[in-house]
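# Coordinate analysis (summary)
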Amino acid sequence: MTAKLPFEGASYLPNLCTGPSLLRLVVIAELLAVLLELNNDGLEGLNWIDLALTSLMVQWVTLASAGCICRLRAVFVRWPLWLALLASYGLILALTFCFALLGQWFFLGYWWSELPIDWSSLGADLVVAAIFAGIGLHYFYLQQQLQRRERAELEARIQALQSRIRPHFLFNSMNSIASLIAIDAQRAERMVEDLCALFRASLSEAALVPVAQELALARRYLDMELARLGERLQIQWQVGDFPESALIPSLLLQPLLENALYHGIGARRDGGLLEIEVQGDGGQMRLMVRNPLGQAEPTPGNGIALANIRERLAVHFGPKARCYAGVESEHFVVRINYPLEG
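About the criteria used
- Residues numbered from 1 in each chain as written.
- Predicted model: local features only at pLDDT ≥ 70, side-chain atom pairs only at ≥ 80, totals over all residues.
- Heavy atoms only, no water.
- Pairing = 2+ DSSP bridges.
- Helix = DSSP H or I, 4+ residues; strand = E, 2+ residues; numbered from the N terminus.
- Phe/Tyr/Trp six-rings, centres within 6.5 Å; stacked < 30°, edge-to-face > 60°.
- Buried < 20%, exposed > 50% of the residue type's maximum accessible area, 1.4 Å probe, protein only.
- Lys NZ or Arg CZ within 6 Å of the ring centre and 35° of its normal.
- Axes fitted to C-alpha atoms, helices over the stretch in contact; angles between N-to-C directions.
- Parallel < 35°, antiparallel > 145°, perpendicular 65-115°, else oblique.
- Left-handed = near helix turned anticlockwise from the far one by under 90°.
- Contact = heavy atoms within 4.5 Å.
- Expected span 1.5 Å × (residues − 1).
- Core = buried A, V, L, I, M, F, W, Y, C linked by side-chain atoms within 4.5 Å.
- Salt bridge = Lys/Arg side-chain N within 4 Å of Asp/Glu carboxyl O.

## Notes on the pairing of strand 7 (residues 331-339)
- For strand 5 (residues 284-292) and strand 7, the ladder comprises 9 bridges, and the chain directions are antiparallel. Directly across from Gln284, in strand 7, lies its bridge partner Pro339.
- Two elements, strand 6 (residues 322-328) and strand 7, share 7 bridges in a ladder whose sense is antiparallel. Bridge pairing links Gly326 to Val333 in strand 7.
- Joining the antiparallel neighbours strand 6 and strand 7 is a turn of 2 residues, in which Ser329 adopts a positive phi near 50°.

## What about the packing of aromatic side chains?
- For the coordinates displayed, the defined rule picks out 3 aromatic pairs.
- With 5.2 Å between their ring centres and 50° between their planes, Phe76 and Trp79 make a pair best called tilted.
- Assessed through its relative accessible area of 4%, Phe76 is described here as buried.
- Relative accessible area serves as the criterion here: at 31%, Trp79 is assigned to the partly exposed category.
- One residue, Arg219, lies across the ring of Trp237, its end atom 4.1 Å from the ring centre.

## Some remarks on the packing of helix 8 (residues 253-264) against helix 9 (residues 304-317)
- Two elements in contact, helix 8 and helix 9, have axes whose closest approach is 10 Å; the angle formed by their N-to-C orientations is 160°. By the angle between their directions, the pair helix 8 and helix 9 is classed as roughly antiparallel. In this structure, the crossing between helix 8 and helix 9 has a hand that is left-handed. Residue-level inspection shows Pro255, Leu256 and Asn259 of helix 8 in contact with helix 9, the latter providing Ala305, Leu306 and Ile309.

## Observations concerning helix 7 (residues 211-229)
- Helix length check: helix 7, at 19 residues, gives a terminal C-alpha distance of 26 Å against a target of 27 Å (1.5 Å per residue), a fit within 8%.
- Buried within helix 7 we find Val211, Glu214, Leu215, Leu217, Ala218, Tyr221, Leu222, Met224, Glu225, Ala227 and Leu229.
- Count one or two residues on from helix 7 and you reach Gly230, which has phi positive near 60°.

## Observations regarding the sheet that holds strand 5
- Reading across the sheet, the 5 strands line up as 2-4-5-7-6 and stay open at both edges, with mixed pairing between neighbours. What marks the edges here is a single partner per strand, and that holds for strand 2 (233-239) and strand 6. On average, each strand axis in the sheet is tilted by 10° relative to the strand beside it, whichever way the strands run.
- Packed onto the sheet, helix 7 meets strand 2, strand 4 (272-281), strand 5 and strand 7 and runs at close to 165° relative to strand 2.
- Along the sheet, helix 8 contacts strand 2, strand 4, strand 5 and strand 7; its crossing angle with strand 5, the most-contacted strand, is approximately 15°.

## Considering the environment of Arg312
- Within the element layout of this structure, Arg312 appears in helix 9.
- We classify Arg312 as buried; its relative accessible area is 1%.
- Remark: the alpha-carbon pair of Arg312 and Ser250, spanning 62 residues in sequence, is separated by 9.7 Å.

## Quick look at the nonpolar core
- Formed by 32 residues in total, the largest nonpolar core has its most connected members in Val211, Leu257, Leu261, Leu274, Leu313, Ile336 and Tyr338.
- For this core, the secondary-structure elements that each account for two or more residues are helix 7, helix 8, strand 4, strand 5, helix 9 and strand 7.
- Looking at which element gives the most residues to this core, the answer is helix 7, with 6 residues.
- Apart from residues lying up to four places away in sequence, Leu257 is in contact with Ala218, Tyr221, Leu222, Leu274, Ile276 and Val289.
- Residues Ala66, Ile69, Ile92 and Phe140 belong to the second largest nonpolar core, which totals 11 residues.

## Notes on the pattern of salt bridges
- Tallied over the entire structure, the rule returns 4 salt bridges.
- A salt bridge links Arg290 to Glu275; the shortest N-O distance between them is 2.6 Å. Of this pair, Arg290 sits in strand 5 while Glu275 sits in strand 4; the two residues are 15 residues apart in sequence, bridging distant segments of the chain.
- Overall, the relative accessible area of 21% leaves Arg290 in the partly exposed class.
- Residue Glu275 is classed as buried on the basis of its relative accessible area, which comes to 14%.

This is a description of form; function is not addressed.
Here it is in structure tokens:
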């Protein structure tokens, strides 16, 4: 027996509670007010006072409708989608009727002059509201579906990118452990335990993780490599200030360290210094990994790690992210900048 899931749910109901959605609603409502006044008076007879009153009326209906739908969204998501949309549609029409009636009473003086209610005007307001409410709800519904699809595609893309880097990490880590078994079996056993802990952490991580968590993962990886390389590996950390809420794509730093060790320091008879800088500065997160070039004939790489990192940065942060990699003064340097989030 399968459990019955809520029909459609919050992901399908148009979300009018966000800032961008409210801004679009306000702009659309103002354009509607201008359109109504131009239709009534024409461009030459446009009255700015009438336009202001119409704008006030339309904006009140729009913002009140959005506010009520936001408050009732927790209830609507438990209903079938057609019923939730129908209830939202009816709510907009009811609010239009109330505000149009109040507008006649207060702005046209019906409440003190004892003039009869202009039902024709009320009917026209309801017809206009019905047309634009239907168009608006359909627009926001389609936009919500597009965002859901893009988010699902983004998550699938990130998972695919991460799954590409993990086997590479496992392969090189197992090589490190294998090289240590004959030298120090107990240390190799501890490295296996560390590797298990690292994989448990990496498999449970979301697409973006706190920077401090990624740094801890990188330190554990370097501890494993220190057991293999010994005095040939010197490490210099320069970790500056950054917000606790700063995020980073998971397993972003570890592949850079792996490349630095296997293509740089690991290829030198006397080893070398691995420099790592992490700094949050001016709304940007800055990372740098620097290592001396290998003395042996360089092994041509396929560039999977750097290409993967560039693509993941582009997915998360768009064109604002930067990843530079190149040779500087007999050292290979990777610099990454991306905007801080949260």
